[in-house]
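Okay, here's what each chain looks like letter by letter:
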Amino acid sequence: MSWTLHALDGDSTLLTVNNRLAAELRRRYDDSQAAAGRRVWPSADILPWGAWLRRHYARLFDAGFTERDLLDTTQERLLWQEVIERDNAAGQLLRPAAAAESARGAYALLHDWRLARYPLATLGGEETATFLRWQVAFDAALEARGLLSAAHLPALILVAFEQHALEAPSRLVHSGFDSLSPAQQSLFEHMADIG
C-alpha cells in the first residue's frame, strides 16, 4: 500500500472499501509526511467508497443536476420499515425493523450487482417474491417523495460523468476491494476512458 500513499498528490484520490481502512491509510500518509521532516502538508484525499459517492452527490445537488434528496442510512431503513408495515400480504412480522435492514441491504446488492427483477422473480422463492413486492413499493415511495437511495448513487454519478457534469480526478486509486461490483467496475472504467 505504500506505493499508493507516496503517489498521492493534490489531484489524486484514494478510495477504500470502508471507513476503517481510510482512517488507517490517512494515519500512514500523515506518518510518512512527518517522517520526511515536513511540519505541514496538504491532507490526502482518502475516502471510503460511500463517502466519495456522497461527495459527488452533494456537488450534483448543488449544481442542480439532481433535485432528489439523498436518504441517510437511518432514513432509508425507516422508509423500508414503513413499506414493510403497510404490506398486508407480509402479515405481522415480529421484527419489522430487522426486515427493513435486510431489505435495505438486499436493495443495495441488487443495484451494485445490477440484478434484473425477471430472473429473481422466476428463480427465487416466497421470500424473494416478498422482497420484490416491497421493492416496487419502496421505489414508488422514493419517486412520490422526490428521494434518492444510496443504492442509486453509482448510476447517478456514472451518468454525471458521461454528461460531463463532474470532473474526474487526474488519478484515482482504490484499495481494499476484494472484487468490484459491476456498478463500481462501470464507473471506474468510464473514468479511465475519459482520462
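Attention in this report is confined to the structure presented alongside it. (Residues numbered from 1 in each chain as written. Predicted model: local features only at pLDDT ≥ 70, side-chain atom pairs only at ≥ 80, totals over all residues. Heavy atoms only, no water.)

### Concerning the side chain of Q184
Move 1: Looking at where Q184 falls in the secondary structure, it is placed in helix α9 (residues 182-193).
Move 2: Residue classification places Q184 among the buried positions, given a relative accessible area of 9%.
Move 3: When sequence neighbours within four positions are dropped, the list of residues in contact with Q184 reads W49, F177 and S179. (Helix = DSSP H or I, 4+ residues; strand = E, 2+ residues; numbered from the N terminus. Buried < 20%, exposed > 50% of the residue type's maximum accessible area, 1.4 Å probe, protein only. Contact = heavy atoms within 4.5 Å.)

### Notes on the packing of aromatic side chains
Move 1: Following the criterion strictly, the structure yields 7 aromatic pairs and no others.
Move 2: Between W49 and F188 the ring centres are 5.7 Å apart and the planes differ by 70°, which places this aromatic pair in the edge-to-face class. Here W49, found in helix α3 (residues 49-62), pairs with F188, found in helix α9; they are 139 residues apart in sequence, far enough to count as distant.
Move 3: Note on F188: relative accessible area 11%, which makes it buried.
Move 4: Among the aromatic side chains, those forming a connected cluster through ring pairs are W80, Y107, F131 and F138. (Phe/Tyr/Trp six-rings, centres within 6.5 Å; stacked < 30°, edge-to-face > 60°.)

### Concerning the packing of helix α4 (residues 73-86) against helix α5 (residues 96-112)
Move 1: Where α4 meets α5, the closest approach of the two axes is 8 Å, and the angle between their N-to-C directions is 115°. Here α4 lies roughly perpendicular to α5, going by the angle between them. The chirality of how α4 crosses α5 is right-handed. Taken together, the residues of α5 that come into contact with α4 (itself represented by T73, E76, R77, W80, Q81, I84 and E85) are P96, A97, A99, A100, E101, A103, R104 and Y107. (Axes fitted to C-alpha atoms, helices over the stretch in contact; angles between N-to-C directions. Parallel < 35°, antiparallel > 145°, perpendicular 65-115°, else oblique. Left-handed = near helix turned anticlockwise from the far one by under 90°.)

### Overview of the packing of helix α8 (residues 153-162) against α9
For any two helices packed against each other, one specifies the inter-axial angle together with the distance between the axes.
Move 1: Direction vectors running N to C along α8 and α9 enclose 15°, while the axes themselves pass 10 Å from each other. Here α9 runs roughly parallel to α8, going by the angle between their axes. Two packed elements cross with a definite hand, and for α8 against α9 that hand is left-handed. Across the interface between the two elements, P154, I157, L158, F161 and E162 from α8 touch A183, S186, L187, H190 and M191 from α9.
Move 2: A per-class count over the contact of α8 with α9 returns 7 nonpolar, 2 polar and 1 charged. (Nonpolar A, V, L, I, M, F, W, Y, C, P; charged D, E, K, R; others polar.)

### Some words on α9
Move 1: The terminal C-alpha atoms of α9, which comprises 12 residues, lie 16 Å apart, in line with the 16 Å expected from a rise of 1.5 Å per residue.
Move 2: Listed as buried for α9 are A183, Q184, S186, L187, F188, H190 and M191.
Move 3: The inward-facing, buried residues of α9 contact β1 (12-16), α3, α5, α8 and β5 (171-175).
Move 4: Of the residues flanking the end of α9, it is G195, one or two places downstream, whose phi is positive at about 95°. (Expected span 1.5 Å × (residues − 1).)

### Quick notes on the side chain of H190
Move 1: Residue placement: H190 occurs in helix α9.
Move 2: Take H190: its relative accessible area is 17%, and that puts it in the buried class.
Move 3: Other than its neighbours up to four places away in sequence, H190 contacts L158, F161 and E162.

### A few points about the sheet that holds β5
Move 1: As summarised here, the arrangement of the 3 strands in space is β2-β1-β5, forming an open sheet in which the pairing is parallel. The open sheet has two edge strands with one neighbour each: β2 (46-48) and β5. Sheet twist, expressed as the average angle between the axes of neighbouring strands with direction ignored, equals 25°.
Move 2: Pairing geometry for β1 and β5, over 5 bridges, is parallel. The residue bridging T13 from the neighbouring strand is L172, located in β5.
Move 3: Of the strands in this sheet, β1, β2 and β5 are in contact with helix α2 (residues 19-35), which crosses β2 at around 170°. (Pairing = 2+ DSSP bridges.)

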